[in-house]
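A look at the structure
The primary structure of each chain is shown beneath.
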Amino acid sequence: MTTPARHIPFERLHNFRDMGGYRSADGRTVAWESLYRADSLGKLDGADWDRFLGLGIRTVIDLRYPWEIDAKGRIPEPERFTYANLSIEHRPYDQAEIDPGLDPWRYLADRFAEVAEDGVDEIRRAVELIADGPGPAVFHCTSGKDRTGLIAALVLTLLDVPEEEILADFALTELATERLTADWHAANPGRTMRWPSYGRAPATVMELVLADLAGRYGSVSAYLTDAVGITPDTTARLRERLLV
């Protein structure tokens, strides 16, 4: 049996990935072709759109701000899907303008901490929709890196996937960094990118994020239960749906 591809190639999307294949502590694995993570689906057009439709996705979770959607567009024909805009980030910042003298990975981890604190309601609703909405499902932000990376890490935690695999999943965005950076330059003619680490997603960032959550709540699982409000029933439904 051929293992499905982790990376789904598109012309305009750079960071579209199948989250299948990761192993759970109980010996099961995340089902392939059931849950995807992506950069902005507002870029879908032409052959990319046809390829996307061919995946049979039925639930779309857009993690961007409403103003990002207004500026860049949502997925075409959202009425075809169970579609939800759940903006988990509440304190905007411009990565291209980050002070290059700062520790980049600590800075990003601190921004993740803000999202984890501010976005608990939207995070809970996103997890519940992945567990209960029609499948397959996809969640995305602009680059498929930070907001998408956090939701991916939390879902994999709920599926009892080992931390080393969660970190490896996060770091796969590094393969898209060059194209994400090129997109930024194309969209921002005349601007200078001050921060040399734009588009990067080293495992160190997510390692810091998970350690921060564990330090504050006792464990990442406790954060999900106590702060986000994920119930045992939701976790059971998520595992039943996604683990094989």
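The following paragraphs examine the structure supplied in this document. (Residues numbered from 1 in each chain as written. Predicted model: local features only at pLDDT ≥ 70, side-chain atom pairs only at ≥ 80, totals over all residues. Heavy atoms only, no water.)

Here's the deal with the overall build of the chain
- Per the secondary structure count, the chain includes 10 helices and 5 strands.
- Whereas a compact globule of 244 residues would reach a radius of gyration of roughly 18 Å, the chain reaches 17 Å, a difference of no more than 12%.
- By principal-axis analysis of the C-alpha atoms, the chain measures approximately 50 × 45 × 35 Å.
- The buried share among the 244 residues of the chain stands at 52%.
- Within the chain, counting contacts between residues at least 6 apart in sequence, those at least 24 apart form 75% of the total.
- Total accessible area computed for the chain in this model is approximately 10,700 Å², and 50% of it derives from carbon and sulfur atoms.
- The positive charge centre, built from 28 side chains, and the negative charge centre, built from 40, are 2 Å apart in the chain. (Helix = DSSP H or I, 4+ residues; strand = E, 2+ residues; numbered from the N terminus. Rg over C-alpha atoms; globule rule 2.2 N^0.38 Å. Buried < 20%, exposed > 50% of the residue type's maximum accessible area, 1.4 Å probe, protein only. Contact = heavy atoms within 4.5 Å. Areas by Shrake-Rupley, 256 points an atom, 1.4 Å probe, with all protein chains shown as cover. Lys, Arg positive; Asp, Glu negative; His and termini not counted. Charge placed at Lys NZ, Arg CZ, Asp CG, Glu CD.)

Observations regarding the pattern of salt bridges
- Summed over all chains, the structure comprises 26 salt bridges.
- Across the pair Arg125 and Asp121 runs a salt bridge, and its minimum N-O distance is 3.3 Å. Of the two residues, Arg125 and Asp121 are both situated in helix α4 (residues 120-132); the distance of 4 residues between them amounts to about one turn of the helix.
- Linking Arg237 and Asp132 is a salt bridge whose minimum nitrogen-to-oxygen distance equals 2.6 Å. Taken together, the residues span a long stretch of sequence, with Arg237 in helix α10 (residues 232-242) and Asp132 in helix α4 at a distance of 105 residues.
- Relative accessible area serves as the criterion here: at 43%, Asp132 is assigned to the partly exposed category.
- Each of Arg91, Arg111, Glu114, Glu117, Asp118 and Arg216 takes part in one network of salt bridges that share partners. (Salt bridge = Lys/Arg side-chain N within 4 Å of Asp/Glu carboxyl O.)

Describing the side chain of Asp62
- The topology assignment puts Asp62 in strand β3 (residues 59-62).
- Of note is the side chain of Asp62, whose polar atom sits 3.1 Å from the side chain of Tyr83.
- Every residue in contact with Asp62, bar those within four places of it in the chain, is listed here: Ile69, Arg74, Tyr83, Ala84, Asn85, Leu86, Ser87 and His140. (Polar contact = N/O pair within 3.5 Å; in protein donor to acceptor, adjacent residues only side chain to side chain.)

Some remarks on the packing of α4 against helix α9 (residues 220-228)
- Between α4 and α9, the shortest axis-to-axis distance is 10 Å and the interhelical angle comes to 110°. The angle between α4 and α9 places the two elements in the roughly perpendicular class. Seen from α4, the contacting residues are Val120, Ile123 and Arg124; seen from α9, they are Tyr223, Ala227 and Val228.
- By residue class, the composition of the contact of α4 with α9 is 5 nonpolar, no polar and 1 charged. (Axes fitted to C-alpha atoms, helices over the stretch in contact; angles between N-to-C directions. Parallel < 35°, antiparallel > 145°, perpendicular 65-115°, else oblique. Nonpolar A, V, L, I, M, F, W, Y, C, P; charged D, E, K, R; others polar.)

Thoughts on the sheet that holds strand β2 (residues 35-38)
- Pairing within the open sheet is mixed, and its 5 strands lie in the order β1-β2-β5-β3-β4. Edge positions in the sheet fall to β1 (17-18) and β4 (82-85), since each of these pairs with one other strand and no more.
- In this sheet, β4 lies alongside β3 in parallel orientation, the contact comprising 4 bridges. Note on β4: the bridge partner recorded for Ile61 is Ala84. (Pairing = 2+ DSSP bridges.)

With respect to the nonpolar core
- Residues Ile130, Phe139, Ile151, Val155, Leu159 and Leu238 are the most contacted members of the largest nonpolar core, which totals 57 residues.
- Within the residue set of this core, elements represented by two or more residues are α3 (104-118), α4, β5 (137-140), α5 (147-158), α6 (163-171), α8 (203-217), α9 and α10.
- Ranked by the residues each element gives to this core, the list is headed by α5, at 8 residues.
- Beyond its immediate chain neighbours, meaning those up to four positions away, Leu159 contacts Ser24, Val30, Leu238, Arg239, Leu242 and Leu243.
- Core analysis: the second largest hydrophobic core is formed by 15 residues, Phe16, Tyr36, Ala38 and Phe52 among them. (Core = buried A, V, L, I, M, F, W, Y, C linked by side-chain atoms within 4.5 Å.)

A closer look at the side chain of Thr148
- Relative to the helices and strands, Thr148 resides in helix α5.
- Note on Thr148: relative accessible area 0%, which makes it buried.
- At 3.0 Å, the side chain of Thr148 and the backbone nitrogen of Cys141 are in polar contact.
- Leave out the neighbours within four places in its chain, and Thr148 touches Arg37, Ala38, Leu63, Phe139, His140 and Cys141.

Structural notes on α3
- With 15 residues, α3 extends 21 Å from end C-alpha to end C-alpha; this agrees with the ideal 21 Å at 1.5 Å per step.
- Those residues of α3 that fall on the buried side of the exposure criterion are Pro104, Trp105, Leu108, Ala109, Arg111, Phe112, Glu114, Val115 and Ala116.
- Those residues of α3 hidden inside the fold are in contact with α4, α5, α6, α8 and α9.
- Its side-chain oxygen 3.2 Å from the backbone nitrogen of Trp105, Asp103 forms the N-cap of α3. (Expected span 1.5 Å × (residues − 1).)

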